[in-house]
Amino acid sequence: MRHLSNEDLARLVEEAPSPEERRHLASCHRCVAELDALREQTEALGSLPDLLPPSGDWRELERRLAREGLVKEDGPSGTPGFGLGPGWLRAAAALVLFLGGAGTGAVLARNGGPEAPGRAVATVEAGSAEEAARILDDAEERYVNALAQYRRLTGTGSEEESGVVDPASRFAALEALVAAGQAAVRQAPTDPFINGILVSSMAERQATLRQISTASTDDWF
Amino acid sequence: MGEREEARRAGEANRANRGGQPSPPMPHPNERVEERAPAVRGRMSEAELIRRAREGDGSAVRELYDRYAPRVYAVVRRIAADDDTAQDYAQEAWIRAIRALPSFRGDARFSTWLHRIAVNAALQAVRKKGTREKRRVPMPETLPVEPSHGDALLADRLEEALALLPDGMRKVLILHDVEGYTHEEIGELLGVATGTSKSQLFKARAKMREILRTGTASDEAGGMEACGT
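Since the model is a prediction, treat every value here as computed from it, not as a measurement. (Residues numbered from 1 in each chain as written. Chains lettered and ligands numbered in written order. Predicted model: local features only at pLDDT ≥ 70, side-chain atom pairs only at ≥ 80, totals over all residues. Heavy atoms only, no water.)

Some thoughts on the overall build of chain B
(1) Moving on: Looking only at helices and strands, chain B features nine helices and one strand.
(2) Moving on: Along chain B, from the amino end to the carboxyl end, the secondary structure elements read α-α-α-α-α-β-α-α-α-α.
(3) Moving on: The burial tally for chain B puts 58% of its 229 residues in the buried class.
(4) Moving on: When the accessible surface of chain B is totalled, it reaches about 9,300 Å², and 49% of it is carbon and sulfur. (Helix = DSSP H or I, 4+ residues; strand = E, 2+ residues; numbered from the N terminus. Buried < 20%, exposed > 50% of the residue type's maximum accessible area, 1.4 Å probe, protein only. Areas by Shrake-Rupley, 256 points an atom, 1.4 Å probe, with all protein chains shown as cover.)

This is the structure we're talking about:
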C-alpha cells in the first residue's frame, strides 16, 4: 500500500483523516512519524519570536515622519524631532561607548602604548541627537578597528592564549551570559549598561549560532 | 454566529494573543510578549498614546514604535524574506499607520490594526517587486526578541527554510501558521479563493518539511509524491 502523500499529511495536521487514511495511519509507523514531524513544524512556526529591526531603523523612520509632516518638530522631549532612538538602541550605544574604550585600551596596553584614550570616549556627553549619533559612529568604528587589531595580535598564540574556543563551548558560555543578563535586566529593567550587555551578548550568541549552523549538516527533525 | 465570522474572530483572537501586548523597550528573552505587564513602560495608556500620536506628538509615536516595532518587523521580514527590503517595507508600514491614525476608531485592538497594515504594506510591496529571484539566502541577520534557550537554532533553521519557499507558498504559510490568519482572511488579503489558500498551505508545509530535511528546495513545488513504499 502506498504511503500518504506529503500534502495529505500536511492537511491532517489540523483536519480529521478520512476512514481510509485513518486505517492506513493505524498500521503505518512511517506516515505517523511524518505527520508528527509536520505537527512539530507547525507548532514551531507558531512560536517563532518577534524580530528586532535593524539599528538604524528608528532614525530613518524619524526622518521620514518629519519630512512628511506627520509629527511636530518640537516634541515634548525637548529635542529636534524626538530623540535618539528606542531604548534598546540607546542601551546598545552605551555599550558600544564602553567597549570602544575597553577595546582600545586592551590593544594599547598589550602594545605598551600610552594610557587608553578610550576612557575619555566613555565620558563624552552629547548635546544633541545628531552629536550623539556622530559620537556613537566614531566609537563604533574605533571599537571595530581595535577589536580587529586585537585579534590580529593575539591570533598567533596558542588556542588557550588567544582565547579561541570551539563554537559549541562559546555558544554555551554565551547562553549563560544571556541568562545572567536577562536576570539582571529583570532586576534593573531601565539600566542602559545592563541592557547593553544583554543586547551585545545576544548578538554574539546569534553570530555563534550562525557559525554552528553553517558548519552543521544535521537535520533537526 | 456563522462559520466565517467565527473563524474571523478566532483568527483575530489568535493574533491578539501573539502580539497584543506591547513590547518593552529592551529585548527581554524568555519572556513571552503577551506575558509582559503593560505597566513596564506604563507612563501613558495606549489610548492616550494614540491620541497624542494622532496630534503629531513625536514622543508618542516613538513610544508606539518602541512597543510594536519587533512585531511589525517580524511579519514584514518573513514576507519579504530579505533584510534590506524588509526594512523598507517596515518603514512604509509605519508611515501608512501613522498617516491613517485619524481613521483608527478603536474597533479592533491597535496591535491588530497595525499588524494588518504591516501585512498589507509588505504584500503590496512584494507584488510590486515581482517574482523574487530564487536563490540560496543567507541566515537572517535579524535578532530575535525572545529566543528561548533551546530553540534558537530551531528558529534560525525555520527562518532560513521560510525564505527558501516559493513566494506564494511562503505568504500563505506565514499568514496561517506563523501569524494565525484564517483561510478566509488570507483569501481576502491575497485575492484568492479559500480553497486555493488551503491547497497552497498544504503544499507549503510539505515543501518546508522537505527543505528542513534535506537543506535545499527542489524545483518541484509542493511534494505531491507519495513518501515511498
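Now that the structure is up, let's keep going.
Some remarks on the overall build of chain A
(1) Moving on: When helices and strands are tallied, chain A shows ten helices and one strand.
(2) Moving on: Secondary structure elements of chain A occur, N-terminal to C-terminal, as α-α-α-β-α-α-α-α-α-α-α.
(3) Moving on: When each of the 221 residues of chain A is scored for burial, the buried share is 41%.
(4) Moving on: The long-range share in chain A, meaning contacts at least 24 apart out of those at least 6 apart in sequence, stands at 58%.
(5) Moving on: Accessible surface for chain A amounts to roughly 11,900 Å². Of this, 54% is attributable to carbon and sulfur atoms. (Contact = heavy atoms within 4.5 Å.)

Points about the pattern of salt bridges
(1) Moving on: This model, assessed by the stated rule, comprises 23 salt bridges over all chains.
(2) Moving on: When salt bridges that share partners are traced, they join A:Arg64, A:Glu68, B:Glu92, B:Arg96 and B:Arg99 into one network. (Salt bridge = Lys/Arg side-chain N within 4 Å of Asp/Glu carboxyl O.)

Thoughts on the packing of helix α3 (residues 58-80) of chain B against helix α7 (residues 167-178) of chain B
Residues and elements named next belong to chain B.
(1) Moving on: With their axes 9 Å apart at the nearest point, α3 and α7 run at an angle of 150° to one another. With respect to α7, the element α3 is oriented roughly antiparallel. Residues Arg78, Ile79 and Ala80 of α3 form the contact with α7, whose participating residues are Arg170, Ile174 and Val178. (Axes fitted to C-alpha atoms, helices over the stretch in contact; angles between N-to-C directions. Parallel < 35°, antiparallel > 145°, perpendicular 65-115°, else oblique.)

Thoughts on the environment of A:Leu198
(1) Moving on: With respect to the helices and strands, the residue A:Leu198 is situated in helix α10 (residues 192-215).
(2) Moving on: Taking the C-alpha atoms as reference points, A:Leu198 and A:Val178, 20 residues apart in sequence, are found 6.0 Å from one another.

What about helix α6 (residues 152-164) of chain B?
Because the α-helix completes a turn every 3.6 residues, residues three or four places apart line up on one side.
(1) Moving on: The end-to-end C-alpha separation of α6(B) is 19 Å, in line with the 18 Å expected for 13 residues at 1.5 Å each.
(2) Moving on: When α6(B) is considered as a whole, its buried residues turn out to be B:Ala152, B:Ala155, B:Asp156, B:Arg157, B:Leu158, B:Glu159, B:Glu160, B:Ala161, B:Leu162, B:Ala163 and B:Leu164. (Expected span 1.5 Å × (residues − 1).)

Concerning the packing of aromatic side chains
(1) Moving on: Summed over the entire model, instances satisfying the criterion amount to six aromatic pairs over all chains.
(2) Moving on: One aromatic cluster in this structure is built from B:Tyr68, B:Phe104, B:Phe110 and B:Trp113. (Phe/Tyr/Trp six-rings, centres within 6.5 Å; stacked < 30°, edge-to-face > 60°.)

Re the nonpolar core
(1) Moving on: One finds B:Val76, B:Trp94, B:Phe110 and B:Met208 to be the most contacted residues of the largest nonpolar core, which totals 69 residues.
(2) Moving on: Per-element tally for this core: the top contributor is α3(B), with 13 residues.
(3) Moving on: Setting aside residues no more than four positions away along its own chain, B:Trp94 makes contact with A:Leu61, B:Leu64, B:Tyr65, B:Tyr68, B:Ala69, B:Val72 and B:Leu114.
(4) Moving on: Formed by nine residues, the second largest nonpolar core is a distinct cluster that contains A:Leu4, A:Leu12, A:Val13 and A:Cys28. (Core = buried A, V, L, I, M, F, W, Y, C linked by side-chain atoms within 4.5 Å.)

A few points about unusual backbone geometry
(1) Moving on: Even without glycine at this site, B:Ala81 takes up a positive phi of about 60°.
(2) Moving on: Counting through the fold element by element, B:Ala81 comes out in the loop between α3 and α4 (83-100).

With respect to the side chain of A:Ser5
Residue and element names in this part refer to chain A.
(1) Moving on: Summarising the element assignment, Ser5 is placed in the segment before α1 (6-11).
(2) Moving on: A relative accessible area of 13% means that Ser5 is categorised as buried.
(3) Moving on: Side-chain polar atoms of Ser5 contact the backbone nitrogen of Asp8, separated by 3.1 Å. (Polar contact = N/O pair within 3.5 Å; in protein donor to acceptor, adjacent residues only side chain to side chain.)

Focus on helix α3 (residues 29-46) of chain A
(1) Moving on: The end-to-end C-alpha separation of α3(A) is 26 Å, in line with the 26 Å expected for 18 residues at 1.5 Å each.
(2) Moving on: On the buried face of α3(A), the contacting elements are α1 and α2 (19-27) of chain A together with α6, α7 and α9 (194-214) of chain B.

Observations concerning the side chain of A:Thr42
(1) Moving on: With respect to the helices and strands, A:Thr42 occurs in helix α3.
(2) Moving on: With sequence-adjacent residues up to four places away left out, A:Thr42 is seen in contact with A:Val13, B:Asp177 and B:Arg205.

Details of the confidence of the model for chain B
All names here are of chain B.
(1) Moving on: With 66% of its residues at a pLDDT of 70 or more, chain B has an overall mean of 77.
(2) Moving on: Predicted confidence is poor over residues 19-42, with pLDDT under 50, and the contacts of this stretch with residues over four places away or in other chains come to 69 contacts.
(3) Moving on: Low pLDDT, under 50, characterises residues 220-229; the stretch is placed with 30 contacts to residues that sit more than four places away or in other chains.
(4) Moving on: Of the two predicted TM-score estimates for the complex, the pTM is 0.59 and the ipTM is 0.73. (pLDDT = per-residue confidence, 0-100.)

A look at the packing of α7(B) against helix α8 (residues 183-190) of chain B
Residue and element names in this part refer to chain B.
(1) Moving on: It is at 10 Å that the axes of α7 and α8 come closest, and there the two elements cross at 140°. With respect to α8, the axis of α7 lies oblique. Where α7 crosses over α8, the two elements pack in a sense that is right-handed. Two secondary-structure elements touch here, α7 through Lys171, Val172, Leu175 and His176 and α8 through His183, Ile186, Leu189 and Leu190.
(2) Moving on: A per-class count over the contact of α7 with α8 returns five nonpolar, two polar and one charged. (Left-handed = near helix turned anticlockwise from the far one by under 90°. Nonpolar A, V, L, I, M, F, W, Y, C, P; charged D, E, K, R; others polar.)

Comments concerning the state of the cysteines
What we call a disulfide is simply a covalent bond connecting the sulfur atoms of a pair of cysteines.
Residue and element names in this part refer to chain A.
(1) Moving on: All told, the structure shown has zero disulfides over all chains when counted by the stated rule.
(2) Moving on: You can see Cys28 has no disulfide; the closest cysteine sulfur is in Cys31, sitting 3.7 Å from it.
(3) Moving on: Relative accessible area serves as the criterion here: at 1%, Cys31 is assigned to the buried category. (Disulfide = S-S within 2.5 Å.)

Observations concerning the environment of A:Ala184
Residue and element names in this part refer to chain A.
(1) Moving on: Structurally, Ala184 can be placed in helix α9 (residues 167-187).
(2) Moving on: Residue classification places Ala184 among the partly exposed residues on the basis of a relative accessible area of 24%.
(3) Moving on: Put simply, Ala184 and Ile197 are 13 residues apart on the chain and 9.8 Å apart in space, counted from C-alpha to C-alpha.

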